[in-house]
Amino acid sequence: MTRLPIAILGSGKGSNCRAILERIRSGDLAAEARLVVSDVLDAPILDIAREFGVANAYLPPGRFRTRLEPAIEEQLVQMLRNANIELVVLAGFMRVLHEPMLKAFPRRIINIHPSLLPKFPGLEAWKQALVSGETVTGCTAHYVDERIDHGQILAKREVRILPNDTAESLHARIQVVEHELYPAVIAEFCERYGDATEQVEGWPDR
Ligand code: GAR
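Criteria and thresholds
Residues numbered from 1 in each chain as written. Predicted model: local features only at pLDDT ≥ 70, side-chain atom pairs only at ≥ 80, totals over all residues. Heavy atoms only, no water. Helix = DSSP H or I, 4+ residues; strand = E, 2+ residues; numbered from the N terminus. Rg over C-alpha atoms; globule rule 2.2 N^0.38 Å. Buried < 20%, exposed > 50% of the residue type's maximum accessible area, 1.4 Å probe, protein only. Areas by Shrake-Rupley, 256 points an atom, 1.4 Å probe, with all protein chains shown as cover. Lys, Arg positive; Asp, Glu negative; His and termini not counted. Charge placed at Lys NZ, Arg CZ, Asp CG, Glu CD. Axes fitted to C-alpha atoms, helices over the stretch in contact; angles between N-to-C directions. Parallel < 35°, antiparallel > 145°, perpendicular 65-115°, else oblique. Left-handed = near helix turned anticlockwise from the far one by under 90°. Contact = heavy atoms within 4.5 Å. Nonpolar A, V, L, I, M, F, W, Y, C, P; charged D, E, K, R; others polar.

Once that is clear, we can look at the overall build of the protein chain. Looking only at helices and strands, the protein chain features six helices and seven strands. For the protein chain, the α and β elements follow one another from N to C terminus as β-α-β-α-β-α-β-α-β-α-β-β-α. For 206 residues, the compact-globule estimate of 2.2 N^0.38 gives 17 Å, and the protein chain sits close to it at 16 Å. Once the C-alpha set of the protein chain is aligned to its principal axes, its extents read approximately 50 × 40 × 35 Å. Considering the protein chain as a whole, with its 206 residues, one finds that 51% of them fall into the buried category. Carbon and sulfur atoms provide 51% of the accessible area of the protein chain, an area that totals close to 10,100 Å². Across the protein chain, the centroid of the 24 positively charged side chains sits 2 Å from that of the 28 negatively charged ones.

What follows is the structure, encoded as structure tokens:
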């Protein structure tokens, strides 16, 4: 079986990365994690990569707060190309990607977001849902485009908001669901494109 070469990009604690790497290790997910990249030097996601023996890199993001400097985004493209990455998996990567990445990996970059998009894009989406008085929120996996937490939706899962939920308890329950949903979405890519694929609809040539 051919394994789909993936890279995981994240800025924080890396629990989704861990869930994905565990599924790969247990044989449930036909992907090969070739690279983990973070824009935060001491992000736990890099420690998780080391724990699982996956190549990892810190990418100094440059002088902007919410995006990579264009030359650095080009560097990222090069790193991913050198590793022959087929699918780029954003897992808590807190920078908006722009043309270099979007052009190099059309419909090959996916993200997980802790709300039922299009509701509550942006930071701390679970808090946004809580203060808005919603009774249901959840998480969404989607293709990445040039807008924040926007792009064609691949899958969503609902999570009920309980009367005594705090921001922390709600985010924790959403994360449990993310850890199921995201590997399942990646598994679908692997099934469809793992042996792949020259020309598949929705999976354009580079
Ligand atoms: C996850 O809840 C993910 O949905 C969210 O960041 C968290 C990262 O957690 N992403 C976004 O808010 C994207 N806009 P993790 O580092 O433990 O995987």
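Below, the discussion takes up the packing of helix 1 (residues 15-26) against helix 6 (residues 167-193). Where helix 1 meets helix 6, the closest approach of the two axes is 9 Å, and the angle between their N-to-C directions is 50°. Relative to helix 6, helix 1 is oriented oblique. Crossing of helix 1 over helix 6 shows right-handed handedness. Listed contacts from helix 6 to Ser15, Asn16, Ala19, Ile20 and Arg23 of helix 1 are Gln175, Glu178, His179, Glu180, Tyr182, Pro183 and Ile186. Taken together, the residues of the contact of helix 1 with helix 6 break down into five nonpolar, four polar and three charged.

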